[in-house]
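Residue-level structure breakdown
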Amino acid sequence: TSGSPVTLDLPNQWLWEIIDEFIYQFQSFVQFRAKLSKKTSEELEILRSNPRTWDVLQVLNVLHSMVDKSNINKQLEMYSQGKDPDLVAGEFGRHPLYKMLGYFSLVGLLRLHSLLGDFHQAIKVLENVELNKKGLYSRVPGCQISMYYYVGFAYMMMRRYADAIRTFSSILLYIQRTRGLFQMKTYQNDQINKQTDQMYTLLAICLVLHPQRIDESLHSMLKEKIGRAHV
């Protein structure tokens with residue numbers, strides 16, 4: 001809210017985890033609030049007295065504010081044209097802190113709209129992101145994998161099965177090639193490995209609904225994970 005950018009340098013991984021955790025906390029609270037049967041009368045009264053706690057419009061506003069402040073969509077347009085993003089970044093967007101928070105907020109909006117069941121809007125949020133173009137904005141594996149997961153899931157829910165299969169196949173091949181990166185026991189790696197297993201399952205569902213050939217190494221892994229009888 002200040003008039004000038006904060007002069008703070010944080011690792012991209014930290015910035016991604018801030019946005020990722022923000023969405024996770026919203027999701028967890030909504031799930032907590034929905035389970036009424038085991039709550040005490042005091043807990044129910046607190047919830048009734050604070051109806052705007054983790055209000056979805058406030059969560060959307062936080063993410064959109066960071067997207068707007070960073071001019072990230074304009075920057076991505078320039079980036080895709082091979083031009084200098086700094087020309088349109090503005091005072092805030094030229095700082096890596098705001099640029100990357102803006103980018104990670106786009107991925108946060110993708111996830112949030114998917115959770116809300118608005119899959120068209122989830123895909124539209126990323127209209128300026130080139131998924132298959134590796135570069136400046138693909139330095140955090142957890143962000144890349146989460147983005148492909150929710151894009152693939154949104155395509156599947158929109159019955160765009162060929163697009164879903166292409167999306168899941170692309171990121172699962174990347175994970176296969178870089179498997180050593182995710183062996184260390186960390187919260188982010190546990191999340192990545194869980195999402196990887198889920199994507200194999202979603203890929204298998206899409207292939208049942210829309211049969212087509214996929215990469216042989218992925219096909220072998222599906223047989224191993226899902227079972228020969230189902231693939």
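The written sequence of each chain sets the order in which its residues are numbered from 1. With the structure being a predicted model, the display of local features is reserved for residues of pLDDT at least 70 and the display and counting of side-chain atom pairs for 80 or more, all residues being used for whole-chain, interface and lining totals. Calculation of side-chain values draws on the structure's entire complement of heavy atoms; hydrogens and water are dropped beforehand.

**Brief notes about the packing of aromatic side chains**
By convention, a stacked pair of Phe, Tyr or Trp rings (six-membered ring in the case of Trp) has centres within 6.5 Å and planes under 30 degrees apart, an edge-to-face pair has planes over 60 apart, and any other such pair is tilted. Under the criterion given, the structure shown has eight aromatic pairs. Considering the side-chain rings of phenylalanine 22 and tryptophan 54, the 5.4 Å spacing of their centres and the 45° angle between planes classify their relative orientation as tilted. Remark: tryptophan 54 occurs in the loop between helix H2 (41–49) and helix H3 (56–70) and phenylalanine 22 occurs in helix H1 (residues 12–34); sequence separation between them is 32 residues. Note on classification: 1.4 Å probe, protein chains only; a residue is buried when its accessible area is under 20% of the maximum for its type, exposed when over 50%, partly exposed between these limits. On the basis of relative accessibility, which here comes to 22%, the residue phenylalanine 22 falls in the partly exposed class. Between the aromatic rings of phenylalanine 29 and phenylalanine 32, the centroid separation amounts to 6.1 Å while the plane-to-plane angle is 45°, which identifies the pairing as tilted. Of this pair, phenylalanine 29 and phenylalanine 32 both sit in helix H1, three residues apart, which is roughly one turn of the helix. Assessed through its relative accessible area of 16%, phenylalanine 29 is described here as buried. Through pairs of rings, three or more aromatic residues link up here, namely Trp16, Tyr103 and Phe104. The secondary structure listing takes helices from DSSP runs of H or I that are at least 4 residues long and strands from runs of E that are at least 2 residues long, numbered from the N terminus.

**Side note on the pattern of salt bridges**
Between Lys or Arg on one side and Asp or Glu on the other, a salt bridge is scored when a side-chain nitrogen of the former is within 4 Å of a carboxyl oxygen of the latter. Using the criterion set out here, one finds seven salt bridges in the structure. For arginine 160, the salt bridge goes to aspartate 163, with nearest N and O atoms at 2.9 Å. What makes arginine 160 partly exposed here is its relative accessible area of 34%. It is possible to trace a salt-bridge network through shared partners that takes in Arg160, Asp163 and Arg166.

**Topic: the confidence of the model for the protein chain**
Taken as a whole, the protein chain shows an average pLDDT of 90; of its residues, 94% reach a score of 70 or greater. By mean pLDDT, helix H11 (residues 216–226) is the weakest element of the protein chain at 88, and helix H7 (residues 119–125) is the strongest at 97. The predictor's confidence in any single residue is recorded as pLDDT, a number from 0 to 100.

**Remarks on unusual backbone geometry**
Positive phi, normally seen in glycine, also occurs at tryptophan 54, with a value near 50°. With a phi angle near 65°, arginine 159 is a residue other than glycine that sits in the positive phi range.

**What about helix H8 (residues 141–157)?**
Taking 1.5 Å per residue, 17 residues should reach 24 Å; H8 reaches 24 Å between its end C-alpha atoms and fits that length. In terms of residue burial, H8 counts as a mostly covered element, since 14 of its 17 residues are buried. Downstream of H8 by a residue or two, arginine 159 has a phi angle that is positive, lying close to 65°. Working rule for helices: expected span equals 1.5 Å times residues minus one.

**Comments concerning the packing of H8 against helix H10 (residues 187–209)**
Axis angles are defined between N-to-C directions and span 0 to 180 degrees, where every axis is a line fitted to C-alpha atoms and, for a helix, only to the segment in contact. The N-to-C vectors of H8 and H10 enclose an angle of 25°; their axes lie 10 Å apart at closest approach. As far as their axial angle goes, H10 and H8 are roughly parallel. The two elements H8 and H10 cross, and the hand of that crossing is left-handed. Along the contact surface, H8 presents Pro141, Gly142, Ile145, Ser146, Tyr149, Tyr150, Phe153 and Met156, while H10 presents Gln188, Ile192, Gln195, Gln198, Met199, Leu202, Ile205 and Cys206. Gly is put with the polar residues, along with every residue not named as nonpolar or charged; the nonpolar set is Ala, Val, Leu, Ile, Met, Phe, Trp, Tyr, Cys and Pro, and the charged set is Asp, Glu, Lys and Arg. Considering only residue class, the contact of H8 with H10 consists of 11 nonpolar, five polar and no charged. Just so you know how the angles are binned, under 35 degrees is roughly parallel, over 145 roughly antiparallel, 65 to 115 roughly perpendicular, and the rest oblique. Crossing handedness is read from the near helix: turned anticlockwise from the far helix by less than a right angle, it gives a left-handed crossing, and turned clockwise, a right-handed one. Any pair of residues with heavy atoms lying within 4.5 Å of one another is described as a contacting pair.

**A short note on a nonpolar patch on the surface**
Together, Ile205, Val208 and Leu209 make up an exposed nonpolar region whose accessible area comes to about 280 Å². Tracing the backbone through its elements, the reader meets isoleucine 205 in helix H10. By relative accessible area, which is 38% here, isoleucine 205 ends up partly exposed. For patch building, the residue pool is restricted to those with more than 30% relative accessible area and no salt bridge; the joining distance is 9 Å between like charges and 5 Å between nonpolar side chains (Val, Leu, Ile, Met, Phe, Trp, Tyr). Using the Shrake-Rupley algorithm and a 1.4 Å probe, accessible areas are obtained, with residue cover drawn only from the displayed protein chains.

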